[in-house]
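Spelled out, the chains give:
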Number of protein chains: 2
Amino acid sequence: MDALKRKIREEGRVLLGGILKVDSFLNHQLDAAFLSAVGVAFQELFQDKKVTKILTAEVSGIAIAVLAGLHFGVPVVFAKKTQSLNLDPDTYEGEVYSYTKKQHYKIRVSKRYLEEGDQVLILDDFLANGEALKGLRQIVDAAKATLVGAGVVIEKGFQDGGKKLREEGMDIRALATVTSMEKGDIKFL
Amino acid sequence: MDALKRKIREEGRVLLGGILKVDSFLNHQLDAAFLSAVGVAFQELFQDKKVTKILTAEVSGIAIAVLAGLHFGVPVVFAKKTQSLNLDPDTYEGEVYSYTKKQHYKIRVSKRYLEEGDQVLILDDFLANGEALKGLRQIVDAAKATLVGAGVVIEKGFQDGGKKLREEGMDIRALATVTSMEKGDIKFL
């Protein structure tokens, strides 16, 4: 998606530790019109998949997923990171490893909102180590639903999450794949 | 908003402890088309306010805010609950009291994304004790921006947050105000 690459080049900031900051439009401030175009791009990529449900994880997947849901015309569900009064006790669970916090945490979806027969598309903002996608896949598997693919806005191609998950058969499409960010110079596939 | 009242009546579940669960469309599963109509309703209510920015808090305000942003044609910013590598160190802060956890926590917005001169509309899913709106107002004040109003999808009219904040001069509009939920029978203003 050329408009995305342009936006990353113009607004992205490369920080120490391999962090690509795109919080001007993707995960803090949100550019709704642009993220709606991102949703259209996902819809075009996965239009032959008969998607019945979009699944993402809180927090930063929500804006992308709900705008994509508008174009797919299917319900969106976001997995929750905390058990709260607002979450049903009966849930499907996945486990995610946090590299920054060096610990595993659970993500959960109420059994009401995912079922056998669902054709699930996972959407997320970033793909690096693939931990979020793995946790979300566990939830799809637990529900005996079918995972039809995963769409990510930005893949960090120099980390190996995408490679491993594709080898395991996951159909992952990235709208932009960053191959290097050395000295702040962002290069794409 | 009649469609919202119908949806709450049809899909809402009243749980012990005064909890109104609307997680089939508002804060776990998301009905994107419906929430887009919610965004249009907010746009109609606040169209004379020259809104330049929409502000909400993670997690459950994000979907509503980004869809509203699409109709207002302005950037959306969501305040973050956790300090993370992805958040600038230089932030405006607000404090929110959690009645369930019985403790205060901070919400933060990067100073990059809110500025003096901004005409800010706060949006959120629920208004009960008004804690989230108060924390978000602190952020607007800290940025020396102007708070033009607050829109909430559902106000619990039997809790006093809305009353207090309106007395303090906040222009709050609720798309549906629940006046009682006794024995699971949801009544609206």
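That block above? That's the structure.
Fair warning: this is a prediction, and the values are worked out from it, not measured in the lab.

## Considerations on the relation of the copies chain B and chain A
When chain B is fitted to chain A, the best match, at an RMSD of 0.0 Å, comes from turning it 180 degrees and sliding it 0.0 Å along the axis. Both copies of the chain, as the preceding transformation shows, are related through a two-fold rotation axis. Both copies contact each other with a shared surface, as 100% of the interface residues of chain B are interface residues in chain A too.

## Things to note about the nonpolar core
Membership of the largest hydrophobic core comes to 117 residues, with the highest contact counts inside it found for Val66(A), Ile139(A), Ile54(B), Val66(B) and Ile139(B). For Ile54(B), the contacting residues outside a window of four places in its chain are Ala65(B), Ala68(B), Gly69(B), Phe72(B), Val74(B), Val76(B), Leu121(B) and Leu123(B).

## Some details on the sheet that holds strand 9 (residues 146-156) of chain A
With mixed pairing, seven strands are arranged side by side in an open sheet as 11(A)-10(A)-9(A)-8(A)-4(A)-5(A)-3(B). Either end of the sheet is taken by a strand with one partner, and the two such strands are strand 11 (187-188) of chain A together with strand 3 (29-30) of chain B. The pairing of strand 4 (residues 53-57) of chain A with strand 5 (residues 76-79) of chain A spans four bridges and is classified as parallel. Opposite Leu55(A), over in strand 5 of chain A, you have Val77(A) as the bridge partner. Of the strands in this sheet, strand 4, strand 5, strand 8 (119-127) and strand 9 of chain A touch helix 4 (residues 131-142) of chain A, which is tilted by about 165 degrees from strand 8 of chain A.

## Considerations on the packing of helix 3 (residues 62-72) of chain A against helix 2 (residues 32-45) of chain B
Taken N-terminus to C-terminus, the directions of helix 3 of chain A and helix 2 of chain B make an angle of 105 degrees; their axes are 8 Å apart at the nearest point. Taken as axis vectors, helix 3 of chain A and helix 2 of chain B run roughly perpendicular relative to one another. Judged by residue contacts, Val66(A), Gly69(A) and Leu70(A) of helix 3 of chain A engage Ala32(B), Ala33(B), Leu35(B) and Ser36(B) from helix 2 of chain B.

## Looking at the packing of helix 3 of chain A against helix 3 (residues 62-72) of chain B
Two elements in contact, helix 3 of chain A and helix 3 of chain B, have axes whose closest approach is 9 Å; the angle formed by their N-to-C orientations is 55 degrees. Accordingly, the angle class assigned to the pair helix 3 of chain A and helix 3 of chain B is oblique. Between helix 3 of chain A and helix 3 of chain B lies a crossing whose hand is right-handed. Where helix 3 of chain A approaches helix 3 of chain B, its residues Ile62(A), Ala63(A), Val66(A) and Leu67(A) are matched on the opposing element by Ile62(B), Ala63(B), Val66(B) and Leu67(B). In terms of residue class, the contact of helix 3 of chain A with helix 3 of chain B is made up of eight nonpolar, no polar and no charged.

## Notes on the sheet that holds strand 9 (residues 146-156) of chain B
Pairing is mixed in the open sheet, where seven strands are placed in the order 3(A)-5(B)-4(B)-8(B)-9(B)-10(B)-11(B). Looking at the sheet topology across the chains shown, the edges are occupied by strand 3 (29-30) of chain A together with strand 11 (187-188) of chain B. Sheet topology note: the strand 3 of chain A/strand 5 (residues 76-79) of chain B ladder contains two bridges and is antiparallel. What sits directly across from Leu30(A), in strand 5 of chain B, is Val76(B). Relative to strand 4 (residues 53-57) of chain B, helix 3 of chain B is tilted by about 175 degrees, and along the sheet it contacts strand 3 of chain A together with strand 4, strand 5, strand 8 (119-127) and strand 9 of chain B.

## Here's the deal with the interface of chain B and chain A
With 31 residues of chain B at the contact, the number on the chain A side is 31 residues. Here the element with the most residues in the side of chain B that touches chain A is helix 3 of chain B; it accounts for six residues. Looking at the side of chain B that touches chain A, its residues break down into 18 nonpolar, eight polar and five charged.

## A few points about helix 2 (residues 32-45) of chain A
Residues and elements named next belong to chain A. Taking 1.5 Å as the rise per residue, helix 2 with 14 residues should run 20 Å; its terminal C-alpha atoms sit 20 Å apart, in good agreement. Residues of helix 2 that are buried: Ala 32, Leu 35, Ser 36, Val 38, Gly 39 and Phe 42. Projected down its long axis, helix 2 carries its buried residues within an arc of 155 degrees, all on one side.

## With respect to the environment of Val59(B)
Inspection of the secondary structure puts Val59(B) in the loop between strand 4 and helix 3. In this structure the C-alpha to C-alpha distance between Val59(B) and Asn27(B), which are 32 residues apart in sequence, comes to 8.3 Å.

## Considering the pairing of strand 10 (residues 172-180) of chain B
Residues and elements named next belong to chain B. Where strand 9 meets strand 10, six bridges bridge the pair, whose relative direction is parallel. Residue pairing for strand 10: Ile 154 is matched across the bridge by Ala 176. Between strand 9 and its parallel partner strand 10, the chain crosses via helix 5 (residues 161-167), and the hand of that crossover is right-handed. Note that strand 10 and strand 11 share two bridges and pair antiparallel.

## Looking at the pairing of strand 9 of chain B
All names here are of chain B. By the criterion of burial, strand 9 is predominantly enclosed, with eight of the 11 residues buried. In terms of strand pairing, strand 8 meets strand 9 through eight bridges, oriented parallel. What sits directly across from Phe 126, in strand 9, is Ile 154. Following the chain from strand 8 across helix 4 (residues 131-142) to the adjacent parallel strand 9, one finds a crossover that is right-handed.

What counts and how
- Residues numbered from 1 in each chain as written.
- Chains lettered and ligands numbered in written order.
- Predicted model: local features only at pLDDT ≥ 70, side-chain atom pairs only at ≥ 80, totals over all residues.
- Least-squares fit on C-alpha atoms with pLDDT ≥ 70 in both.
- Contact = placed C-beta atoms within 7 Å.
- Core = buried A, V, L, I, M, F, W, Y, C linked by C-beta atoms within 7 Å.
- Buried ≥ 20, exposed ≤ 12 C-beta atoms within 10 Å, placed from the backbone.
- Pairing = 2+ DSSP bridges.
- Helix = DSSP H or I, 4+ residues; strand = E, 2+ residues; numbered from the N terminus.
- Axes fitted to C-alpha atoms, helices over the stretch in contact; angles between N-to-C directions.
- Parallel < 35°, antiparallel > 145°, perpendicular 65-115°, else oblique.
- Left-handed = near helix turned anticlockwise from the far one by under 90°.
- Nonpolar A, V, L, I, M, F, W, Y, C, P; charged D, E, K, R; others polar.
- Expected span 1.5 Å × (residues − 1).
- Arc of directions from axis to C-beta.
- Right-handed = clockwise from strand over helix to strand, strands pointing away.

So, to be careful, I would describe these as geometric facts and stop short of saying anything about function.
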